[in-house]
Amino acid sequence: MSENNSFDTVRIHGGYDPEEHQYASNVPIYLSAAFSMGSAQRGRDIAEGREPGFTYSRVANPTVSILERRIAQLEGAVSAVAVASGMAAISNAVLTVAEGGGRIVAHHDIYGASLDEFISLAPKLGITFDFVEDINDPEELASAIGPDTKAVYVESITNPLTKVTDVDQVAAIAHEAGIPLIVDNTFPTPYLFRPIEHGADIVVYSSTKAINGHGNVISGLIVDAGRFDWSSERFPQFSEPEFTLYTEEVGHSRSFIEAFGNEAFHQRLRCKFLRLLGAVLGPQQAYLELLGLETISERLDKEVSSARRIASFLAGHDHVTKVNYSGLPGDPQAGLVERLYPKGIGSILSFEIEGSEERVNRLIDATRVFSYIPNVGDVRSLIVNPARTTHREIPFEFWERNGLNVNLIRLSIGLEDPDDLIRDLEQSFEQAYRD
């Protein structure tokens, strides 16, 4: 397939050659823990990287590899690594960049489990996060970067407030300091936004969400732009000799930079963290992910359109005190949205209602079309109260700073008729505020 094909062609055909798989029109599911290596010589050649092939599905699996190649093509990257969950993607990316310890700069208004890892677990592994109030403030961001800073970490669209990160600006500041930019692009997906085109070096996804789009897979992806120079003294792990890269041909243990050049990041992640920590994606999950990708454009076009309508409806509702959806006309970030997100910011929004938490509970319990589920990016529309579920790990000290409170409700808009969704919200409001 031509490398010049458009997004909508790559999402269906990318990374797959039917001739290599008995001319199957759909990607086969390789339900095998291991693969015959054929001969002793071929086994050694595969193990030492002289010949492509598969040996053990914890290391690589044909179905999973097709998903990785397809995502890499959609992103304009050198490679992608599929893992068992979105948190595995975040954790593996952070560990690979800051291996041995160091600091990472991030904004604090992010997904609850990510913040929980960054403030409670990562420091015990020698990785400290420095949080800035406004990631789009260039002076604040630059001043937070020090000599032991290993990366900047951002969400392209934050969860659940949908604030937009100026990735171009953040990338420029990170690169000026000699560090990479990691972008969690879960909400927009590569259909609405391609971070690498705006300077990102590593992109992570909870592909459980809109990439798969059907709520039937737990999965994650790490995408490597292949442009960052990892030979800096900040990142000695990429230049140190690695015994697994020893071959008699070369006669010494090579480093990842020596062996793989601009692909050193994802190769070290795959060889050390994925292979040894074992958070691999199974072939059945990869297959379902590939199916979801085939309809991503149509799904997101409708979901974004419906989300805009529902955000507008909520903005005019008497019992709604605030709507968080940066895609609304007149939003303070409208200029940034217009520049970075011409097709929209995604299908997730949040809002606050007046009254007590009991009103929130009554509204949620009264919904009939929306499902009370702690997920996003499903074909079904979902409703949740983040302070009590998806973001409950966030310490109280962050609540006000992150716009988190018990009156906040998050919606993920699916493929139902938007009129039905609005009617469902209307009757839920009526029941919630019926004394």
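About the thresholds
- Residues numbered from 1 in each chain as written.
- Predicted model: local features only at pLDDT ≥ 70, side-chain atom pairs only at ≥ 80, totals over all residues.
- Heavy atoms only, no water.
- Helix = DSSP H or I, 4+ residues; strand = E, 2+ residues; numbered from the N terminus.
- Buried < 20%, exposed > 50% of the residue type's maximum accessible area, 1.4 Å probe, protein only.
- Contact = heavy atoms within 4.5 Å.
- Phe/Tyr/Trp six-rings, centres within 6.5 Å; stacked < 30°, edge-to-face > 60°.
- 1 Å grid on protein atoms, 1.4 Å probe; cavity = no way out; pocket = protein on both sides within 12 Å on 5 of 7 lines; lining within 4 Å.
- Points joined across faces, edges and corners; volume = space filled by probe spheres on them.
- Nonpolar A, V, L, I, M, F, W, Y, C, P; charged D, E, K, R; others polar.
- Pairing = 2+ DSSP bridges.
- Axes fitted to C-alpha atoms, helices over the stretch in contact; angles between N-to-C directions.
- Salt bridge = Lys/Arg side-chain N within 4 Å of Asp/Glu carboxyl O.

Chemist: Which residues make up the side chain of Ser428, and what values do they have?
Modeler: Summarising the element assignment, Ser428 is placed in helix H16 (residues 418-432). For Ser428, a relative accessible area of 0% puts it in the buried group. Not counting residues within four places of it along the chain, the set of residues in contact with Ser428 comprises Leu363, Ala366 and Thr367.

Chemist: Before we move on, could you go through the packing of aromatic side chains and cite the residues and values that matter?
Modeler: Enumeration according to the criterion identifies 18 aromatic pairs in this entry. For the pair Phe7 and Tyr191, a centre-to-centre distance of 5.5 Å together with 50° between the ring planes defines the contact as tilted. With Phe7 in helix H1 (residues 7-13) and Tyr191 in helix H8 (residues 189-192), this pair connects stretches of sequence that are 184 residues apart. Here Phe7 matches Tyr191 in class, with each residue buried. Pairing Phe131 with Phe398 gives two aromatic rings, centres 6.0 Å apart and planes at 75°, and the pair type is edge-to-face.

Chemist: Describe in detail the layout of surface pockets, supporting the description with residues and values.
Modeler: The volume enclosed by the largest pocket comes to roughly 1,400 Å³. Lining the largest pocket we find 40 residues, and of these Gly53, Val59, Ala60, Gln267 and Arg270 sit closest to its centre. Looking at the lining of the largest pocket, the elements that each hand over two or more residues are helix H2 (40-47), helix H3 (62-75), strand S1 (79-83), helix H9 (256-260) and helix H10 (264-277). Looking at the lining of the largest pocket residue by residue, the class counts come to 19 nonpolar, eleven polar and ten charged. Considering only enclosed or pocket space, the second largest pocket measures out at about 380 Å³ in volume. Tyr111, Asn159, Thr186, Ser206 and Lys209 are the residues nearest the centre of the second largest pocket, which is lined by 23 residues in total. Those elements that place two or more of their residues in the lining of the second largest pocket are helix H4 (86-97) and strand S6 (202-205). Element by element, the count of residues in the lining of the second largest pocket is highest for H4, at three residues. Partitioning the lining of the second largest pocket into residue classes produces ten nonpolar, nine polar and four charged.

Chemist: Requested: an account of the side chain of Thr162, with residues and values cited.
Modeler: By secondary structure assignment, the location of Thr162 is in the loop between strand S4 (149-155) and helix H7 (167-176). Residue class for Thr162 comes out buried when judged on its relative accessible area of 0%. For Thr162, the contacting residues outside a window of four places in its chain are Ile157, Asn324, Tyr325, Ser326, Gln333, Ile345, Ile348 and Leu349.

Chemist: Kindly report on the sheet that holds S1, identifying the contributing residues and their values.
Modeler: Taken in spatial order, the seven strands of this open sheet run S1-S7-S6-S5-S4-S2-S3, and their pairing is mixed. The outermost strands of the open sheet, each flanked by one partner alone, are S1 and strand S3 (127-132). Going across the sheet, the axis of each strand differs from the next one's by a mean of 20°, ignoring polarity. In this structure, S1 lies alongside strand S7 (residues 220-224), joined through five bridges in antiparallel fashion. Residue pairing in the sheet places Ala80 in a bridge with Val223 of S7. In the packing of H3 onto the sheet, contacts are made with S1, S6 and S7, and the angle to S1 comes to roughly 135°. Contacts from H4 reach S1, strand S2 (102-107), S3, S4, strand S5 (181-184), S6 and S7, with the element oriented near 155° to S6.

Chemist: Hey, could you go over the pattern of salt bridges for me, with residue numbers and the actual values?
Modeler: If you walk through the whole model with that rule in mind, you get 23 salt bridges. For Asp45, the salt bridge identified is with Arg50, shortest N-O distance 2.9 Å. Its relative accessible area of 34% is what places Arg50 among the partly exposed residues. Each of the salt bridges in this network shares a partner with another, and the network as a whole consists of Arg44, Asp45, Glu48, Arg50 and Glu249.

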